[in-house]
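Tertiary structure, described
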Amino acid sequence: MKFFVDTADVKDIRECQEMGLVDGVTTNPTLIAKSGRKITEVIKEICSFVEGPVSAEVAALDYDGMMREGDVLRKIAKNVAVKVPLTVDGLRACRKLSSEGTMVNVTLCFSAAQALLAAKAGATFISPFIGRLDDINLPGMELIANIRQIYDNYDYQTNILAASIRSVNHITEAAIIGADYATAPPAVLKGLVKHPLTDKGIESFLADWKKTGQTI
Ligand code: G3P
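Describing the site of the ligand
Near the ligand the following residues occur: Asp 6, Asn 28, Lys 83, Phe 129, Arg 132, Ala 163, Ser 164 and Arg 166. Arg 132 has a polar side-chain atom sitting 2.6 Å from an oxygen atom of the ligand.

What to know about the sheet that holds strand β5 (residues 103–109)
Taken together, the eight strands give a closed barrel; going around it, the order is β1-β2-β3-β4-β5-β6-β7-β8, and neighbouring strands pair in parallel fashion. On average, adjacent strands in this sheet sit at an angle of 30° to one another, irrespective of strand direction. Here four bridges tie strand β1 (residues 2–6) to strand β8 (residues 181–184), and the two strands are oriented parallel to one another. Bridging from a neighbouring strand, Phe 3 pairs with Ala 182 of β8. Packed onto the sheet, helix α3 (residues 39–49) meets β2 (24–26), β3 (54–57) and β4 (80–85) and runs at close to 175° relative to β3.

Remarks on the packing of helix α8 (residues 140–154) against helix α9 (residues 168–177)
When two helices pack together, their arrangement is captured by the angle between the axes and the distance separating the axes. Remark: α8 packs on α9, axes separated minimally by 9 Å, with the N-to-C direction vectors making an angle of 20°. The angle between α8 and α9 places the two elements in the roughly parallel class. α9 is crossed by α8, and the crossing has right-handed handedness. Taken together, the residues of α9 that come into contact with α8 (itself represented by Met 141, Ile 144, Ala 145 and Arg 148) are His 170, Glu 173, Ala 174 and Ile 177. Its residues assigned to classes, the contact of α8 with α9 shows five nonpolar, one polar and two charged.

Regarding the environment of Asp 180
By the secondary structure assignment, Asp 180 is in the loop between α9 and β8. Relative accessible area serves as the criterion here: at 25%, Asp 180 is assigned to the partly exposed category. Along the sequence, Asp 180 and Ile 160 sit 20 residues apart, while their C-alpha atoms lie 5.2 Å from each other. Within polar-contact distance, the side chain of Asp 180 engages the side chain of Arg 148 at 3.2 Å.

Scoring rules and cut-offs
- Residues numbered from 1 in each chain as written.
- Predicted model: local features only at pLDDT ≥ 70, side-chain atom pairs only at ≥ 80, totals over all residues.
- Heavy atoms only, no water.
- Near = heavy atom within 4 Å.
- Polar contact = N/O pair within 3.5 Å; in protein donor to acceptor, adjacent residues only side chain to side chain.
- Pairing = 2+ DSSP bridges.
- Helix = DSSP H or I, 4+ residues; strand = E, 2+ residues; numbered from the N terminus.
- Axes fitted to C-alpha atoms, helices over the stretch in contact; angles between N-to-C directions.
- Contact = heavy atoms within 4.5 Å.
- Parallel < 35°, antiparallel > 145°, perpendicular 65-115°, else oblique.
- Left-handed = near helix turned anticlockwise from the far one by under 90°.
- Nonpolar A, V, L, I, M, F, W, Y, C, P; charged D, E, K, R; others polar.
- Buried < 20%, exposed > 50% of the residue type's maximum accessible area, 1.4 Å probe, protein only.

See the structure below:
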């Protein structure tokens, strides 16, 4: 499974990169707003040190507006994936941008039927939002499993990018199901390494080692 870090905070991205956790980056309008920076500037900076796909989302809702904004975004760097919402116009823009060789991330996916449409439109990535489904008591992980099955049934090449991830368990479960990618906030990615028994084990090994009086 490949990891994308879900943030527009350059410092956070660099930290995760040093830990080998960054195969790419995803952003959205909320994350850009949080960064307090201009979208074109921050995406350009991220692309200067991240080799993998960097998702940048359009704000327009109509096809022409999405194409215009998508054109601005894809010109920033070769590894920009234009992110479009899962609407009729978004799917149209996805089809066009993909046919022109631009990576497209279709976002705000909440059903397997929507994911099927994104694959048919040639999306590079489909972003099913696990956490937001869980928030309204719908089974987010079941959506990942259903999309996996549909894509495998018909050999669609669209990558499943598990999104709206809130916990380490979300990543583990999505990996078991076979999601190709997961995008998660820096804190969740960093949390993957943690286990209380690892800390406890280190503590007791260290205590016993000290008793031997040895050095290596
Ligand atoms: O970037 C898309 C997605 O990961 C957003 O997550 O936590 O705002 O539902 P969240």
